[in-house]
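Remarks on the overall topology
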Protein chains: 2
Amino acid sequence: MEIVCLDLEGVLVPEIWIAFAEKTGIPELKRTTRDEPDYMKLMQFRMDILKEHGLRLADIQDVIATIKPLDGASEFLGSLRELTQVVILSDTFQEFALPLMRQLGYPTIFCNSLKVSEEGMIEGVSMRCQDGKMRAVEAFSSLGFRTFASGDSYNDLSMIRRADGGCLFRAPRTILESEGDLEIAEEYPELLGKIRTFIENG
Amino acid sequence: MEIVCLDLEGVLVPEIWIAFAEKTGIPELKRTTRDEPDYMKLMQFRMDILKEHGLRLADIQDVIATIKPLDGASEFLGSLRELTQVVILSDTFQEFALPLMRQLGYPTIFCNSLKVSEEGMIEGVSMRCQDGKMRAVEAFSSLGFRTFASGDSYNDLSMIRRADGGCLFRAPRTILESEGDLEIAEEYPELLGKIRTFIENG
């Protein structure tokens, strides 16, 4: 049996924090790990901004519900789920992902979760495990799956390289240049084609 | 993050071979591991019967598509996927499960697969791994998930006992008697309630 592991942001949906920042007009929330490489510092910064603006989880989820998956993502995922098993591997939070998962037909997603106060304010994060994407691919492999992985970021490289098959999807030029040995796809039909070939070669 | 692992047959859908036997009027296909405990012998018997009747995989899938999920299963699964991640753990075959997964909104399913000839006849089986249900629960646990498992058969007991939480669902009297220490549920609202409690206790 095969299993396809997909990154979420940049592959199926837009970058959630950036889209959220644009929707709410809070530009500070466009800050990413490129600006603040220390992830826990970045999350603390984000939570402080959310608190300043009095934004509870429910308010954030209402905004995220207005973010649409990338054009063609739903149809791509639908075609893929006819062919094989799919799990989304992401560093986002379950509570943020939910409004998007509803739009995508609830694919299984392995990510992290938020700590939320009784008043509904985000108090902290609960990181599921270290290097979650690669470890998930390893776990599926140990369960007898042939694994295929695809993503667009630096944090997808270890899972793509660990999987039996894989490719970059709409990766930025810097990654395409430094990881020139990896296969690439820019559009969903191309990605679906590579996955079909991977399945047939099994 | 939590993950709920559910058995398929008897929990979300009817016993596939029995339903298939009834739909096609081929009573020999009602034979189960209760009659033939050697699983590979049983599968060979089944494949021989299918060949005798000239039934290709496509014909079998057409019949399976007329099998409906158990009453309330779709709604239960819908409610569950709003709350947590769900993976179906089954010993069935991906190709048999697909017509049912379509009706259930394509939940992720870990099962086995068939070897199919170019003419579309079932030639053999490809078993993904030994003790797949328990090993999947262990794998999820190693990835930082709190695990909940539920099923109705002897082959579900190891995953139910290995998981952080779990219960039997509509199990037969013999299992209820021999596994009297396990929690039980008979209806979906009861099962959903146990899962909600498990999540809240996290």
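Residues numbered from 1 in each chain as written. Chains lettered and ligands numbered in written order. Predicted model: local features only at pLDDT ≥ 70, side-chain atom pairs only at ≥ 80, totals over all residues. Heavy atoms only, no water.

**Some points on the sheet that holds strand β4 (residues 122-126) of chain B**
Residue and element names in this part refer to chain B. Short version of the rule: If DSSP finds at least two bridges between two strands, the strands pair. A run of DSSP states H or I qualifies as a helix once it reaches four residues; a run of E qualifies as a strand once it reaches two. Both are numbered from the N-terminal end.
The seven strands lie next to each other as β4-β3-β2-β1-β5-β6-β7, forming an open sheet whose pairing is mixed. Every interior strand has two partners, whereas the edge strands, β4 and β7 (184-185), have only one. Note that strand β1 (residues 2-6) and strand β2 (residues 85-93) share four bridges and pair parallel. Looking across to β2, one finds that L6 is bridged to I88.

**So, the packing of helix α4 (residues 73-83) of chain A against helix α9 (residues 188-201) of chain A**
Residue and element names in this part refer to chain A. Here is the rule: Lines fitted to C-alpha atoms define the axes here, with helix axes fitted over just the stretch in contact, and angles between the N-to-C directions of these axes take values from 0 to 180 degrees. Note that the term roughly parallel is reserved for angles under 35 degrees, roughly antiparallel for angles over 145, roughly perpendicular for angles of 65 to 115, and oblique for everything else. Any two residues having at least one pair of non-hydrogen atoms within 4.5 Å are treated as being in contact. Polarity classes work like this: nonpolar for Ala, Val, Leu, Ile, Met, Phe, Trp, Tyr, Cys and Pro, charged for Asp, Glu, Lys and Arg, and polar for all others, with Gly in that last group.
As a packed pair, α4 and α9 sit with axes 10 Å apart at the nearest point and diverge in direction by 10°. The angle between α4 and α9 falls in the class roughly parallel. Residue-level inspection shows A73, F76, S79, L80 and L83 of α4 in contact with α9, the latter providing Y188, L191, L192, I195, R196 and I199. Among the residues making up the contact of α4 with α9, the classes are represented as nine nonpolar, one polar and one charged.

**A closer look at the packing of helix α3 (residues 57-64) of chain A against helix α5 (residues 94-103) of chain A**
All names here are of chain A. To be explicit about the condition: Crossings are sorted by hand: turned counterclockwise from the far helix by less than a right angle, the near helix makes the crossing left-handed, and turned clockwise it makes it right-handed.
Relative to each other, α3 and α5 sit at 35°, their axes nearing to 9 Å. Relative to α5, α3 is oriented so that their crossing is right-handed. When α3 is examined against α5, the residues L57, I60, Q61 and I64 are found in contact with a partner set consisting of E95, F96, P99, L100 and Q103. Tallied by class, the residues present in the contact of α3 with α5 amount to six nonpolar, two polar and one charged.

**A short note on the packing of aromatic side chains**
Quick note on the threshold: Here a Phe, Tyr or Trp ring, Trp counted by its six-membered ring, pairs with any other such ring whose centre lies within 6.5 Å, and the pair is stacked when the planes are under 30 degrees apart, edge-to-face when over 60, and tilted otherwise. With a 1.4 Å probe rolled over the protein chains alone, any residue whose accessible area is under 20% of its type maximum counts as buried; one over 50% counts as exposed, and the rest are partly exposed. Here, a charge over a ring is recorded when the distance from Lys NZ or Arg CZ to the ring centre is within 6 Å and its angle to the ring normal is within 35 degrees.
The final tally for this structure, using the stated rule, is 20 aromatic pairs over all chains. With a centroid separation of 4.9 Å and an interplanar angle of 20°, the aromatic rings of F76(A) and Y188(A) are classed as stacked. With F76(A) in helix α4 and Y188(A) in helix α9, this residue pair connects regions lying 112 residues apart in the sequence. Classification of Y188(A) by relative accessible area gives buried; the value is 6%. Through successive ring pairs, a cluster of aromatic residues spans F110(A), F140(A), F145(A), F110(B), F140(B) and F145(B). For the cation-ring pair, R170(A) lies above Y188(A), with the distance from its terminal atom to the ring centre recorded as 5.0 Å. Geometry around F45(B) places R31(B) over its ring, the cationic atom sitting 4.8 Å from the centre.

**Points about the confidence of the model for chain A**
As a reminder, the rule being used: Each residue carries a pLDDT score, the predictor's own confidence in it, on a scale running from 0 to 100.
Overall, the predicted model of chain A reaches an average pLDDT of 96, with 100% of residues at or above 70. Interface scoring of the predicted complex returns ipTM 0.95; its pTM is 0.96.

**Quick notes on the pairing of β1(B)**
All names here are of chain B. Among the five residues in β1, five count as buried, and that is most of the element. Here β1 shows two buried faces, one formed by E2, V4 and L6 and the other by I3 and C5. Examined bridge by bridge, β1 and strand β5 (residues 146-151) share five bridges and lie parallel to one another. Each bridged residue has a counterpart across the sheet, and for L6 the counterpart in β5 is S150.

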